[in-house]
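Below, each chain spelled out in residue letters.
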Amino acid sequence: MTSSTSTPATARFGPYELNVRSGEVHKFGVRLKLGEQPLRILILLIERPGELVTREELRARLWSHDTFVDFDHSLNSAVQRLRETLSDTADKARWIETVPRRGYRFVGAVEWSQANGSSPATESISTNQLAEYPLPEPPAQPMAPSRFPGWRSVGAVLVLLLAAAAIVKIVQGEGIRSAAAPIRSLAVLPLENLSGDPSQEYLAEGMTDELITALAKNHALRIVSRTSAMQYKGVRRPVRDIARELGVDGILEGSITRSTSRVHLTVQLINARSDTHIWAESYDRDLSAAFSLPSELSQTIAKEVRLAVSSAAPPPHINPEAHDAYLHGRYYWLSDHSAPSLGYFEKAIQLQPDYAAAWSGLADYYGGSSVAGQLDPQKVRSKWEAAAHKAVELDDSLAEAHNSLAAVYFFGDWDCAHADAESQRAITLDPNYAEAHHLRSYILMAMNRPDEAVKEQKRGTEADPFQRTWALGFTYYRLRQFDAAISELRLRTDASPRDGGTRFILSDAYWSKGMFKEAAQEMEQGFLTDGDRASADAVANAFQRGGSRAVAEWRWQNTKAHQGYASPWWLAMDCARARHKEETLKLLEAAYREHSPRLIFLQNEPLFDFLHSDARYQSLAQKLPLVR
């Protein structure tokens, strides 16, 4: 048996180094962040380079026999994260090759080093890898004494000249190769607010958002979503690292400054592969012309990356004060404090009645607040519907407007057919619009098309991994795939431990599976994450005192004590958790009379499963269109 002192401990491939014992991966000496499952997959593959490692073998090695997860999804996600870390892709595999329906194999050349520093034989390096990574200079060799020292000098000069010519050729070739490699994916990093005034952050974020939207209209260019890019707000890191993490070829970064009546914008486009600047420009505009900058920039960038430029009509003139109010509204709507957005959207419309984006924003405020149970839908329904229809009437090419109207049809009218048509229209206009994929997943779920609902939400999550990080797990939960839901949601809470919403959904998944201790723990963590220490302590004390029944009863009584408007749907959820059958049925009937938006999910909510045999529940379910 080989002693541990001679066991190879470090694998080197390309610019990467894997220490099997410490579980660390470095690239050019810089440690990379890699999760436990992707790391274990890498070790399993690299220990058997060139050999097929089957999916079944990976499952047996990574998950114990008593672990119940959506194995295919979990394995695919882990391999995808590994590829992202190694800057690899499935269609042009440099390190990890997919063998369809069978498994994976490591296809790169590997050099193993012993723990004592010695190296065994190295596999041959491919031509592609020689082109990709610079070769180290060979060690200097002592020259034998020459009888012709003059010729030796001439020979040395000739060697140097030949080497210089070769280097020039290589550099020129690399330049041609880099220039020939077009940028097909781009991340717009948050514009930096250089005004020195924190109150101008809304302008920097708003212009970033509008620039992303304008660039996304060119479907030949994949644009990273707003929320994904916003993770790098204020972050000082190498462009190559950011591009690798976001999986893009290029980075657009810049800054914005606003004076009383002018806007100064500076942007630069960087090729992340070579870390070279492709283009940079500064714009100094009157505030009245600032609204057109995103559209103008998107056309210029398309030319710089050699993509076809559409002959789209210039954007209609927007009153600068209306544009400023709209940017304020978007800033608040996308924050954790959305209430002020209403006033700003209304102000934008008052200043410019034909501002389609502002009408869409107004519709989203009324609709989103109603769906969340913050507003009585009966009081805002007419305004919600009118705003969405007005947005589409003013600009039929606006994906956000069609998504707003789809929400009206779905949540407001419980009309899945019209909602699906509008949702598909929004996705056609902007295939990377994560919110449209998310809403369509809801629609498909209500239409009893579960497989399509999962696929649609996966598309939304792929388009924007940082927006609604709980969404895919929530889809599994609603479809009663509790093991898959728990696996997905645990993955998300590990990545974002401060996301309280995800923890509450994970709590419900545990609860529905009968894992009440874990459910109570996640509920407690959810309250702590939201800054509610008193409720977190109450959950812990209730569970210690009386288990799950005491926790459910505490939550129900706590919800009932809420002052002001309380949606009967949300009340029914907590009442059902406490298993108060009669009161839950009464609340659901009240939700029907109120036309609570979320009642369209009646049959999809696991907390109501204990009511399914009751005639009153069945009668209520039959009243809802397409709910069977």
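On a predicted model such as this, the values are computed, not experimentally measured, just so you know.

1. Regarding the overall build of the chain
Across its full length, the chain carries 25 helices and 14 strands. Out of the 628 residues in the chain, the part that is buried amounts to 46%. Taking contacts inside the chain between residues at least 6 apart in sequence as the whole, the part at least 24 apart equals 58%.

2. Quick word on the packing of aromatic side chains
With the rule as written, the count across this model stands at 24 aromatic pairs. Residues Y442 and F601 carry aromatic rings whose centres are separated by 4.9 Å and whose planes lie at 75 degrees to one another, so their mutual orientation is edge-to-face. Of this pair, Y442 sits in helix α16 (residues 434–446) while F601 sits in the loop between α24 (581–594) and α25 (615–623), placing them 159 residues apart in sequence. There is no split in this pair, since Y442 and F601 are both buried.

3. So, the side chain of T584
Mapped onto the fold, T584 is located in helix α24. T584 sits in the buried class, given a relative accessible area of 0%. At 3.4 Å, the side chain of T584 forms a polar contact with the backbone nitrogen of A576.

4. Considerations on the sheet that holds strand β6 (residues 96–99)
Through backbone hydrogen bonds, the strands of a sheet pair up, either in parallel or in antiparallel fashion. Pairing is antiparallel in the open sheet, where three strands are placed in the order β5-β7-β6. Looking along the sheet, the strands with just one partner apiece sit at the ends: β5 (53–54) and β6. As paired elements, β5 and strand β7 (residues 103–106) share two bridges and run antiparallel to each other. Bridging across to β7, V53 finds its partner in Y104.

5. Observations concerning the pattern of salt bridges
Under the defined criterion, the tally for this structure stands at 37 salt bridges. R381 is the salt-bridge partner of E385, the closest N and O atoms lying 3.7 Å from each other. Of this pair, E385 and R381 both sit in helix α13 (residues 377–394), four residues apart, roughly one helical turn. Where R616 meets E582, a salt bridge forms, and the shortest distance between an N and an O atom there is 2.8 Å. Remark: E582 occurs in helix α24 and R616 occurs in helix α25; sequence separation between them is 34 residues. When its relative accessible area of 35% is taken as the criterion, R616 is described as partly exposed. One network of salt bridges, with partners in common, ties together E201, E205, R226 and K233.

6. Topic: helix α9 (residues 293–304)
The terminal C-alpha atoms of α9, which comprises 12 residues, lie 16 Å apart, in line with the 16 Å expected from a rise of 1.5 Å per residue. Those residues of α9 lying buried are L293, P294, L297, S298, I301 and A302. Buried residues of α9, seen end-on, are gathered within an arc of 160 degrees and therefore sit on one face of the element. Where α9 is buried, its residues contact β9 (185–188), α6 (201–216), β12 (250–258), β13 (262–271) and β14 (276–286). Remark: R306 follows α9 within two positions and exhibits a positive phi of approximately 60 degrees.

7. A look at the pairing of β6
Two elements, β6 and β7, share four bridges in a ladder whose sense is antiparallel. The residue bridging E97 from the neighbouring strand is R105, located in β7.

8. Some words on the side chain of S535
As for its position among the elements, S535 is in helix α22 (residues 533–560). Of the residues examined, S535 reaches a relative accessible area of 8% and is grouped as buried. Reaching out from S535, the side chain makes a polar contact with the side chain of D532 at a distance of 2.7 Å. Apart from residues no more than four positions distant in its own chain, S535 is found in contact with F527 and W554.

9. Quick notes on the pairing of β12
Relative to β12, β9 runs parallel, the two being bridged by three bridges. In the strand pairing of β12, A187 is matched with I251. Bridging between strand β10 (residues 192–193) and β12 involves two bridges; their strand directions are parallel. Considered in β12, the bridge of N193 is made with I256. One ladder, built from nine bridges, connects β12 with β13; its direction is antiparallel. Bridge assignment links S255 to a residue of β13, and that residue is T266. Hairpin connection of β12 to β13: three residues between the antiparallel strands.

10. A few points about the packing of helix α14 (residues 399–412) against α16
Geometrically, a packed helix pair is captured by the angle between its two axes and the distance between the axes. It is at 10 Å that the axes of α14 and α16 come closest, and there the two elements cross at 20 degrees. Taken together, the axes of α14 and α16 lie roughly parallel to each other. Judged by the sense of rotation from one axis to the other, the crossing of α14 with α16 is left-handed. Of α16, the residues touching α14 (which contributes N403, A406, A407, F410 and F411) are E435, A436, L439, Y442, I443 and A446. Considering only residue class, the contact of α14 with α16 consists of nine nonpolar, one polar and one charged.

11. As for the confidence of the model for the chain
The predicted model of the chain has a mean per-residue pLDDT of 83, with 84% of residues at 70 or higher. By mean pLDDT, the top-scoring element of the chain is α14 (97), and the lowest-scoring one is helix α4 (residues 127–132) (34). Long-range and interchain partners of residues 1–6, a stretch whose pLDDT sits below 50, account for five contacts in this model, where long-range means more than four residues apart. Long-range and interchain partners of residues 115–180, a stretch whose pLDDT sits below 50, account for 39 contacts in this model, where long-range means more than four residues apart.

How each quantity is defined
Residues numbered from 1 in each chain as written. Predicted model: local features only at pLDDT ≥ 70, side-chain atom pairs only at ≥ 80, totals over all residues. Heavy atoms only, no water. Helix = DSSP H or I, 4+ residues; strand = E, 2+ residues; numbered from the N terminus. Buried < 20%, exposed > 50% of the residue type's maximum accessible area, 1.4 Å probe, protein only. Contact = heavy atoms within 4.5 Å. Phe/Tyr/Trp six-rings, centres within 6.5 Å; stacked < 30°, edge-to-face > 60°. Polar contact = N/O pair within 3.5 Å; in protein donor to acceptor, adjacent residues only side chain to side chain. Pairing = 2+ DSSP bridges. Salt bridge = Lys/Arg side-chain N within 4 Å of Asp/Glu carboxyl O. Expected span 1.5 Å × (residues − 1). Arc of directions from axis to C-beta. Axes fitted to C-alpha atoms, helices over the stretch in contact; angles between N-to-C directions. Parallel < 35°, antiparallel > 145°, perpendicular 65-115°, else oblique. Left-handed = near helix turned anticlockwise from the far one by under 90°. Nonpolar A, V, L, I, M, F, W, Y, C, P; charged D, E, K, R; others polar. pLDDT = per-residue confidence, 0-100.

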